[in-house]
Structure formats: C-alpha cells, structure tokens
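Coordinate analysis (summary)
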Amino acid sequence: MAASILIAPSADAATPTASQLQQLKQLPRAQQEQLARQYGLDLDSLSTSSIDNGQRNAKKAPQYPERIGGTDTVAEDRLQRESRTDRDGALKPFGYAFFDGKPASMASIFDLPLPNDYQIGPGDTLDIQVFGKENQQYDLTVKRDGDIHFPKYGPMQVAGETFGEVREQIKAMFEQRVIGVNVTVDIGAMRTMQVYLAGDVKQPGAYTVNGLTTVTQALLASGGIKTSGSLRDIQLKRNGKVIETLDLYDLLLSGDSSNDVRLLKGDTLFVPARGDQVAVEGEVLRPALYELNGPTTLASAINMAGGALPEGYLSSVSVKRVTESGIQQFSLDMSTAKGQSFMVKNGDDIKIAKSNDALDNAVVLRGEVVRQGAYNFESGMTIADLVSNAQRDLKPTADLNYALVVREIDAERNIEVLQFKLGRAIDQPNSSDNLRLQQGDQVFVFNNGIDSEFWDKTDDSHRQKSQLNPSLYQQSIDDPKNTINQEMGAYPQDARSQRSRQNRQRTEQQKSGENRISRALIDPTTGAEVQLQNIHKQPQLVKALNQQDEQGQPSRREQELEPIIERLKGQANIESNAAIVEVSGAVKYPGVYPLPANASFEQLLDAAGGLTEAAYLRQAEITRRQVVDDRLTVRHYPIDLKEALKSEGPRFAIHRQDRINIKTKPNWHKDNTVELQGEVRFPGVYAFERGETIQDVIERAGGLTEFAYPKGAVFSRERLKRQEEERLKMLNRQLQQEISSLALRRQTSSAQYTTSPSEALSLAEELQNAEAVGRMVISLPRALEGDDVANIMIENGDKLYVPPKNPVVSIMGEVQFTSNQLFEPGMTVSDYIESAGGTKQQADTDRIYVVRADGSVMMPNNSFWFSRSQKQLEPGDTIIVPIDTDYLDGLSTASTATQILYQMGVAWKAVKD
C-alpha cells in the first residue's frame with residue numbers, strides 16, 4: 001500500500017499530489033523516509049511545497065467580500081465629507097464614521113476556526129480524516145443536490161444542516177460501519193456566493209462573499225452607508241421577504257451584535273432612507289446628529305449622546321422645535337419625571353448649557369501656601385480653621401505680619417479688603433486677627449522676601465548655581481568697568497593687610513594654580529592699575545550686577561497686589577474714590593496698597609513691610625486730597641510716628657487715596673564711600689560723613705607717600721559721569737542730524753566731499769559707543785593746603801588716584817614719531833616737538849595744545865609761543881599736535897584747479913592751430 005501511494009499518479013508527475021502526500025503522512029516516519037529515498041524526493045521540502053501548492057491550486061473563497069464590477073469611490077467620498085465638515089463646523093451624523101477607511105484583509109480561511117453553527121451548503125468542501133484500524137482521507141465537495149458522496153459508503157445529505165450537526169452525523173456513520181477507527185471532520189474550502197446591496201449604500205451592487213460573511217462585513221466592503229441612509233433599519237431580504245433587521249446603534253452604543261447574521265446565497269441587503277433625526281449638542285459626551293427609531297424620550301436622546309458632562313446644567317435643558325408657526329422653545333428640568341419623559345420629534349435641537357463655574361460654598365486660599373486652591377466653607381469658619389499650622393500649611397516665604405481677605409460685598413461684585421496678621425491669627429485664635437470668613441472670600445498670603453532656596457537647602461544645589469561661569473569671568477576681564485568697584489569694595493583694608501594677602505595668594509597659586517587667577521586691570525575712570533586678586537570673588541560681582549539689573553523693577557509684593565489694586569481702581573466712581581493708599585519713604589516695600597476697612601496707621605506700615613533703619617520717628621506726613629467748595633485741594637498733616645506706633649494720643653484716621661510719607665533721618669546716607677588709589681599710605685575704600693573733604697579723607701588714609709606726584713592726581717565722580725553720558729547722547733544726536741542734512745546736499749563735479757555720509761555715520765556710531773569717564777580737574781596740592789576752592793566736598797562713589805612721579809612728557813598727534821620724552825626743565829614745547837622729528841605736513845601748528853597731568857589744558861601763545869614767557873611744562877604733560885582739517889580740502893581744490901587749467905590749455909592749443 002505504501003508503494004501505491006507514489007505509483008498511483010502518472011510516471012511523469014514531478015511531485016506527488018496533495019492526496020498522496022496526505023496518505024504519506026499517515027505512514028510511520030521510517031516508511032516515509034524509505035519511500036522518499038527510493039523515489040529521490042526531499043521529504044521536508046516536499047511537505048512544505050505541497051501545502052503551498054495545495055493552497056494555491058485550491059479554489060479559495062474570498063477572504064472578505066469582493067464587489068463585482070463598478071469603481072471604488074470610498075476614499076473620494078470620505079475626503080469630500082471631511083472637508084465639508086471642517087469647513088462649516090456643523091454637527092456630524094452619529095455612526096457613519098464606523099465605515100470610514102478601507103477594510104483590512106482578514107486572516108486566511110484555512111486558519112480560521114469554523115463555528116459549529118455554520119450552515120453547510122453546495123460548494124463547501126469537507127476534509128474527513130479516518131485513522132486507527134484504517135487510515136483514509138476524503139476531500140468531499142457538497143454537490144448541488146446537497147449531498148456528499150463517499151467512495152465506499154454512498155451519498156449523505158448535508159446541505160442546510162450546521163457544521164456541528166454534519167460532523168456528528170459523519171462520525172456516527174463511521175462508528176456504525178467501521179470498527180476501531182476515529183474520525184475528524186473539517187472544512188477544506190468554503191463555498192463562494194453572490195449577495196446584493198441596495199439602497200443608500202455608497203457602492204450598491206452584487207458582491208462575491210464567503211459563507212462566513214455577515215451583514216456588517218458586507219456593508220464595510222461596500223464603503224459604508226451614505227449619510228442619507230438609515231443606520232437603524234437595515235433590512236436583510238431573502239426570497240423577497242424581510243427576514244431580519246439590523247439596528248447599528250445597538251452595536252455602536254452597547255456592543256450588541258446579535259442581529260449581525262450571516263448571509264446566504266442570493267440575499268439582499270437593503271438600506272432605506274434615514275428616519276427622524278435630532279441634534280444633541282452642548283455639554284454632552286458625544287455631540288452629534290442622532291437618528292430616532294420610533295418614539296424617543298428626551299432622556300433616551302441624551303443617553304445616546306453619552307450622557308451629560310459633569311459641568312452640564314440639567315435643570316434647564318433647551319429644546320428648539322421647528323413648527324409651521326416658527327421655532328418653539330422648551331426648557332426642561334431633567335431632574336423631574338416630566339422633563340425626562342418629554343418626547344422629542346424630528347428636527348429637534350437639544351442643547352445642554354454649561355453650569356456656572358463660580359465657586360459655590362467655598363473659600364479660596366492663594367499665595368505663599370503649600371496647598372492653594374478652593375476649600376469647603378462651613379458656617380462660622382475662621383482664618384485659623386483654614387490655616388491651622390504655620391509649618392504645615394505655609395511656605396517658609398510666607399509673611400506672617402501681612403495678609404488680606406478680599407470679599408465681594410454686593411451684586412455688582414464690588415470688593416472690600418480686610419487686613420490681618422496671619423501669625424497672630426494662628427497662634428491666638430481668640431484675637432481680632434482671626435477673622436470670621438464668609439462664603440466666597442479669598443485669602444491672600446504674601447511673600448516675606450527671604451531667599452528660601454538658599455536657606456532651606458541642605459545640599460549643594462545653591463552652590464552650583466553660584467559657581468563661576470568662565471565666560472562671565474572672561475567678560476569681567478574684558479570689561480572691568482563693573483568689576484573694579486566690587487573688587488576694591490570687597491577689601492577696604494590697609495596696605496599691609498593687602499600685601500600679606502597677596503603673599504598668601506602667591507603661595508596658594510603655586511600650590512594650586514588651577515583654582516586661582518591674578519590679573520592686573522586698568523580702572524577706566526582713573527587709569528589706576530588694580531589687581532584682580534581672586535577668581536572666587538566673581539559670584540559677589542554677579543550678585544551685585546543682578547541687584548543692579550533689578551533696580552527699577554516692581555517688587556514681588558507690588559506684583560502680587562496688582563490684581564487687587566486694579567480691581568479697586570475699577571470700582572471707583574463719582575461718589576467714592578478708589579480704596580487705595582500710597583506709602584513711600586523709609587519703608588521696606590514702598591508702593592500702593594489696598595485700604596482695609598477701619599484701617600489704622602500701624603496696619604499700613606505692616607503692609608509696606610515695616611520701617612527701615614533710616615526712618616525718622618519724630619515726624620511723618622500724610623498728604624490728602626480734599627474737595628472744598630467744588631475745588632480740589634491738597635493738604636498735608638504731620639504725624640508723630642513714635643506716638644502713632646505706641647497707639648498714644650488721638651488716633652489719626654486714614655482716608656482713601658491718602659499718601660503716607662515716612663521721612664528719612666537727617667543726613668542719613670548709608671554706605672557713602674570714596675576710593676583712594678595709588679600713592680596714599682593706606683589705599684582702599686573709605687566710608688565718610690557728608691561734609692568731609694578731600695583733605696579729610698587723605699589725612700585718614702595716612703597722607704601721601706614720598707613717591708606721590710599730587711599734581712598729576714586724577715579725580716572721577718559718578719554724578720559727572722552720568723551728566724557726561726547724557727551730553728554724549730545729545731552730541732551724537734546732533735551729529736547724526738548734521739550728517740543727514742549733509743547727505744541731502746547736491747555734490748558738484750568741482751566740489752566733492754572728502755568724506756562720504758556713510759563714513760561719517762560710522763564715526764557717529766563710534767561716538768555712541770564711547771564711554772563716559774566723569775573726570776574732574778582738581779588741584780590736589782592746593783586741596784592739601786586747605787584751599788577752600790580746591791578742597792571740595794567728596795560724594796558717594798568718588799575715586800581719587802594719586803600717581804607716582806613719572807618724569808615723562810608725551811608728544812602725540814601729527815608728528816613724525818609719537819614718543820614719550822624724558823622731562824628736562826627748561827625745554828619748551830617746540831623743543832619736544834623737534835625731538836619727535838617735527839610736525840607733519842598736514843599738522844595744524846596754530847592749534848597745538850598741552851594736556852596737563854591733572855587734566856587741565858594749556859594753549860601756548862600763537863606768536864613766538866615757544867620763546868616768550870609762559871607756563872613751564874611739567875612731568876606728566878602731553879603735547880597734542882592736531883591735524884589740519886582743511887588740508888585735504890586744499891588738495892581737492894588744487895587738483896580741481898589743475899584740471900581746469902589743463903583743459904583750458906588744450907582748448908587754447910586747438911584754437912591756435
């Protein structure tokens with residue numbers, strides 16, 4: 001029998017058939033290998049290829065429904081629908097998106113488990129395996145009469161029965177006729193059949209499907225249902241009669257697919273036109289257009305839309321209905337049975353509005369608290385009930401002396417402000433600061449100005465932020481203007497301590513040269529050489545620069561109060577001013593503050609952060625605007641600040657828009673410093689009292705050294721520097737205006753500008769980048785002698801540089817060789833110019849001037865100035881030989897004249913000839 005398996009087919013067959021291979025598989029493994037060797041076959045590759053060939057040669061049923069004829073317009077219809085929806089933004093009908101997209105390929109029918117209720121019909125192939133005493137395989141196709149024919153046992157009727165029934169029938173037949181065998185029954189290939197889709201489907205027509213195709217699968221293959229088609233009354237017709245209806249809402253809303261039956265040969269799916277429809281919009285889960293299926297209540301329609309959202313207002317649901325007389329409006333309460341049972345009709349527009357988002361039965365906690373937000377309000381609630389523990393409920397930056405309660409007092413939402421001390425309200429619940437709250441109150445807790453990021457961190461995160469940035473340090477090297485002030489101010493020590501510090505630095509640099517850098521910098525205001533000793537002082541510089549950048553910016557408290565201040569200003573009217581006051585002067589946080597109800601003077605000082613050390617306690621001032629006889633007047637009221645803080649004497653009432661000015665102590669000037677550089681006995685930064693002079697501060701510094709050259713002293717002042725900056729800006733604006741007017745003039749061929757306007761504008765830009773110095777010309781020798789004119793009073797930020805003796809006279813400008821000559825008594829200006837090689841041809845010898853070492857300018861006599869009596873030159877003087885600005889213009893004129901004469905000569909020659 002084993003040999004017959006491979007001999008049965010023709011000798012020319014290249015490979016065994018599928019049935020022969022199936023029989024080969026029934027043999028033991030040893031016999032299979034023997035037969036394969038005998039006929040020269042590869043058993044492994046043969047078994048694999050046989051499966052593929054069997055599948056390829058077998059007549060397959062379609063994996064999903066295939067349309068017979070027609071064109072595919074699904075994608076085009078979908079794009080048109082999406083673009084139309086995006087354009088108008090209207091509600092979309094519900095459920096039709098279920099059919100969007102092209103159906104994905106189903107798994108091969110050979111791998112699908114066949115359900116027992118599958119109805120066998122003509123065209124199905126049964127794969128029957130018999131094994132045990134006998135090993136046989138039958139591939140039997142159901143004939144048109146519904147029978148299958150066994151080679152030995154005859155026909156058997158199977159059409160119309162389920163697969164489970166047929167399987168049991170075949171097993172029972174073999175058990176009766178053959179003893180000692182087992183039987184397995186499977187479907188080898190399913191039948192194909194033709195069904196019809198009609199009505200409002202996107203691609204109606206005839207479709208070829210397999211025996212497992214259901215109603216929804218056929219609809220998906222057709223591209224879905226048109227929006228004009230019904231989703232709730234899909235009819236399955238067989239032999240002209242409706243045998244089943246499918247409501248897709250059951251599948252889409254509740255997942256019920258019990259009516260999604262399988263199709264049979266010749267079935268027709270008919271989709272009728274859409275029925276009644278209502279719109280459900282607003283605060284629902286799925287706003288859309290919904291199709292009705294018979295009488296529908298309002299509650300059912302809202303449930304189809306997924307139900308109302310939590311913010312939906314169900315006490316008044318809007319239903320608009322179009323009638324012959326116009327639009328009829330219904331407002332229904334869904335909390336009542338009447339509202340829920342209201343019957344909706346075709347075309348109704350159901351809308352659930354949004355509830356009021358205002359807080360109900362709550363108070364709000366804001367600001368420097370750990371958990372800010374809304375809290376449930378209870379009758380009799382106080383501040384201590386809301387914030388019971390300072391460490392648990394408040395941030396470390398919370399101000400315990402100033403907090404506010406903002407309360408709405410009327411229907412127009414006007415507010416009043418109540419002020420209290422938060423720390424006292426927590427520690428002393430029986431005190432007046434523990435205010436009783438009302439529903440809707442908002443409690444504001446403000447910042448106390450402490451840098452909690454630094455003080456509350458136990459790791460090195462704060463140190464990492466203050467580490468040196470190499471690029472920032474290089475910037476300080478390149479631009480030492482701001483660096484010098486901090487470097488010198490950090491060490492106001494005498495010369496001996498400075499030298500000892502430098503010695504220590506040298507030792508440390510030798511030990512760890514990577515950590516320390518020493519650079520010599522030139523102070524641009526005085527020209528003094530200053531040592532940048534330590535790179536670790538850079539964070540102090542960065543901090544100082546940050547403080548300077550923050551100047552002029554609103555404080556943290558002003559930013560936190562701004563919404564309250566703006567609301568108080570907005571509710572001011574002709575009858576009452578805005579309930580605000582201004583506190584200025586010697587307080588921690590000057591600014592505008594809300595005027596609390598029954599405010600006291602002490603409360604307003606608490607709002608401003610309290611008094612500073614500069615406050616003058618004997619007298620403060622309140623400025624008040626009053627209307628007297630329809631005229632606005634401003635009056636000033638002095639107040640004893642010390643008595644007001646002690647609550648002694650009559651209490652002074654604070655009115656709206658009062659201005660409280662806390663005066664500063666007379667002659668109060670904190671950190672008034674002057675810097676002495678150069679040849680003083682103890683250079684450094686010195687604090688001083690107003691009225692001190694240059695002589696006073698030099699005497700405190702030990703006087704000048706024996707190497708000092710007082711005639712060359714350089715003195716700079718910050719106030720003069722600011723004035724100089726403004727003058728430079730004004731000069732630059734004037735220069736740009738003149739250049740602009742110059743550019744509008746017309747240039748002729750005989751008079752050309754020696755400098756173009758664009759070059760002149762570049763010079764103006766350089767002037768704009770010039771830095772002011774703020775130098776003041778002084779006579780230090782006269783000041784040290786006590787001269788009332790020269791011995792000026794010093795101001796904060798002044799710098800004095802006393803250079804060492806420098807017996808040099810500098811010659812600069814239009815000379816042959818710019819140089820520094822050794823000072824020799826008796827030499828004149830001309831002598832020094834001759835020693836520099838004399839003047840150049842473009843030098844303006846009529847305007848030579850001398851800049852003295854102290855900054856003053858000397859203009860020598862123009863007539864025999866080098867021989868007549870004049871002020872003698874001194875060490876440190878600089879001789880300036882300027883350029884003759886008319887020199888180039890003269891060259892241009894000479895060139896033009898020469899050209900004219902040449903042209904005239906050529907013309908005369910032509911005439912003469």
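This is a predicted model, so every value here is computed, not measured.

Concerning the overall build of the protein
Scanning the protein for helices and strands turns up 28 helices and 40 strands. Of all 913 residues assigned to the protein, the portion counted as buried reaches 36%. Once local pairs closer than 6 in sequence are excluded, the contacts in the protein between residues at least 24 apart make up 63%. Counting only carbon and sulfur atoms, one obtains 48% of the accessible surface of the protein, whose full area is about 53,200 Å².

As for the sheet that holds strand 35 (residues 798-802)
Overall, mixed pairing links the five strands, which are arranged 32-31-35-33-34 in an open sheet. The open sheet has two free edges, formed respectively by strand 32 (684-687) and strand 34 (775-776), since each of these has just one partner strand. The sheet contact formed by strand 31 (residues 673-678) and strand 35 spans five bridges and is parallel. The residue of strand 35 that forms the bridge with valine 674 is aspartate 798.

As for the side chain of arginine 717
With respect to the helices and strands, the residue arginine 717 is situated in the loop between strand 33 (714-716) and helix 24 (718-744). Dropping the residues within four chain positions of it, arginine 717 is found in contact with Gly774, Met776, Ile792, Met793, Ile794, Glu795 and Asp798.

What about the side chain of glutamate 679?
Among the structural elements, glutamate 679 can be located in the loop between strand 31 and strand 32. A distance of 2.8 Å separates polar atoms of two side chains, one belonging to glutamate 679 and the other to threonine 705. Once you skip the residues sitting within four places of it in the chain, glutamate 679 turns out to touch Leu704, Thr705, Phe707, Ala708, Val802, Pro803 and Pro804.

Here's the deal with a nonpolar patch on the surface
A cluster of nonpolar side chains, namely Ile450, Phe454 and Trp455, defines an oily patch on the protein surface of about 370 Å² accessible area. Within the element layout of this structure, phenylalanine 454 appears in helix 14 (residues 452-455). Given a relative accessible area of 37%, phenylalanine 454 falls into the partly exposed group.

Brief notes about the nonpolar core
Counting residues in each nonpolar core, the largest one holds 42 residues, and the members touching the most others are Leu219, Ile225, Tyr290, Leu298 and Ile350. No other element matches helix 9 (residues 298-304), which puts four residues into this core. Once you skip the residues sitting within four places of it in the chain, isoleucine 350 turns out to touch Val278, Ala279, Val280, Glu281, Leu298, Ala301, Val317, Ser318, Val319 and Val344. Counting residues in hydrophobic clusters, the runner-up holds 35 residues, among them Leu404, Phe444, Phe601 and Ile622.

Here we look at helix 6 (residues 163-177)
Compared with the 21 Å implied by 1.5 Å per residue over 15 residues, the 21 Å span of helix 6 between its first and last C-alpha is a close match. For helix 6, the set of buried residues is Phe163, Gly164, Val166, Ile170, Met173 and Phe174. If you follow the buried residues of helix 6, they end up packed against strand 2 (125-132), strand 3 (136-141), strand 4 (147-150), strand 5 (154-157) and strand 6 (181-189).

Examining the sheet that holds strand 38 (residues 849-851)
Strands sit in the order 37-36-40-38-39 across an open sheet of five strands; the sheet is mixed. Sheet topology places strand 37 (819-822) and strand 39 (857-858) at the edges, where each strand pairs with a single neighbour. As paired strands, strand 38 and strand 39 are joined by two bridges and run antiparallel to one another. Across the sheet, the residue bridging to valine 850 is methionine 858, located in strand 39.

A look at the pairing of strand 7 (residues 192-199)
In terms of strand pairing, strand 7 meets strand 8 (residues 205-210) through six bridges, oriented antiparallel. Bridging across to strand 8, valine 195 finds its partner in tyrosine 207. With antiparallel pairing between neighbouring strands as the criterion, strand 7 and strand 8 make up a hairpin whose turn holds five residues. Where strand 7 and strand 11 (residues 268-271) come together, four bridges link them in parallel fashion. Within strand 11, the position partnered with leucine 197 by the bridge is leucine 269.

Considering the pairing of strand 26 (residues 580-585)
In this sheet, strand 27 (residues 591-594) lies alongside strand 26 in antiparallel orientation, the contact comprising four bridges. Counterpart to valine 581 in the pairing with strand 27 is tyrosine 593. The loop that links strand 26 with its antiparallel partner strand 27 comprises five residues.

Overview of the packing of aromatic side chains
Two aromatic rings are characterised by how far apart their centres lie and by the angle between their planes. Under the defined criterion, the tally for this structure stands at 11 aromatic pairs. On the numbers, 5.4 Å between centres and 80 degrees between planes, the contact of tyrosine 153 with phenylalanine 174 is edge-to-face. Remark: phenylalanine 174 occurs in helix 6 and tyrosine 153 occurs in the loop between strand 4 and strand 5; sequence separation between them is 21 residues. Taken as a pair, tyrosine 153 and phenylalanine 174 share a single burial class, namely buried.

A few points about the pattern of salt bridges
In total, this model carries 23 salt bridges according to the counting rule given. Each of Arg717, Arg719, Glu795 and Asp798 takes part in salt bridges that share partners, so that together they form one network.

What to know about the environment of glutamate 378
Locating glutamate 378 in the fold gives a position in the loop between strand 20 (373-376) and helix 11 (383-386). Sequence spacing of glutamate 378 and alanine 362 is 16 residues, and the spatial spacing of their C-alpha atoms is 8.2 Å.

Here we look at unusual backbone geometry
Non-glycine residue asparagine 361 carries a positive phi angle of around 60 degrees. For asparagine 361, the location among the structural elements is in the loop between strand 18 (349-352) and strand 19 (362-367). Note on asparagine 361: relative accessible area 32%, which makes it partly exposed. For arginine 413, which is not glycine, the phi dihedral falls at a positive 65 degrees. Mapped onto the elements of the fold, arginine 413 is located in the loop between strand 21 (398-408) and strand 22 (415-420).

Quick notes on the rules
- Residues numbered from 1 in each chain as written.
- Predicted model: local features only at pLDDT ≥ 70, side-chain atom pairs only at ≥ 80, totals over all residues.
- Heavy atoms only, no water.
- Helix = DSSP H or I, 4+ residues; strand = E, 2+ residues; numbered from the N terminus.
- Buried < 20%, exposed > 50% of the residue type's maximum accessible area, 1.4 Å probe, protein only.
- Contact = heavy atoms within 4.5 Å.
- Areas by Shrake-Rupley, 256 points an atom, 1.4 Å probe, with all protein chains shown as cover.
- Pairing = 2+ DSSP bridges.
- Polar contact = N/O pair within 3.5 Å; in protein donor to acceptor, adjacent residues only side chain to side chain.
- Patch = residues over 30% accessible without salt bridge, like charges linked within 9 Å, V, L, I, M, F, W, Y side chains within 5 Å.
- Salt bridge = Lys/Arg side-chain N within 4 Å of Asp/Glu carboxyl O.
- Core = buried A, V, L, I, M, F, W, Y, C linked by side-chain atoms within 4.5 Å.
- Expected span 1.5 Å × (residues − 1).
- Phe/Tyr/Trp six-rings, centres within 6.5 Å; stacked < 30°, edge-to-face > 60°.

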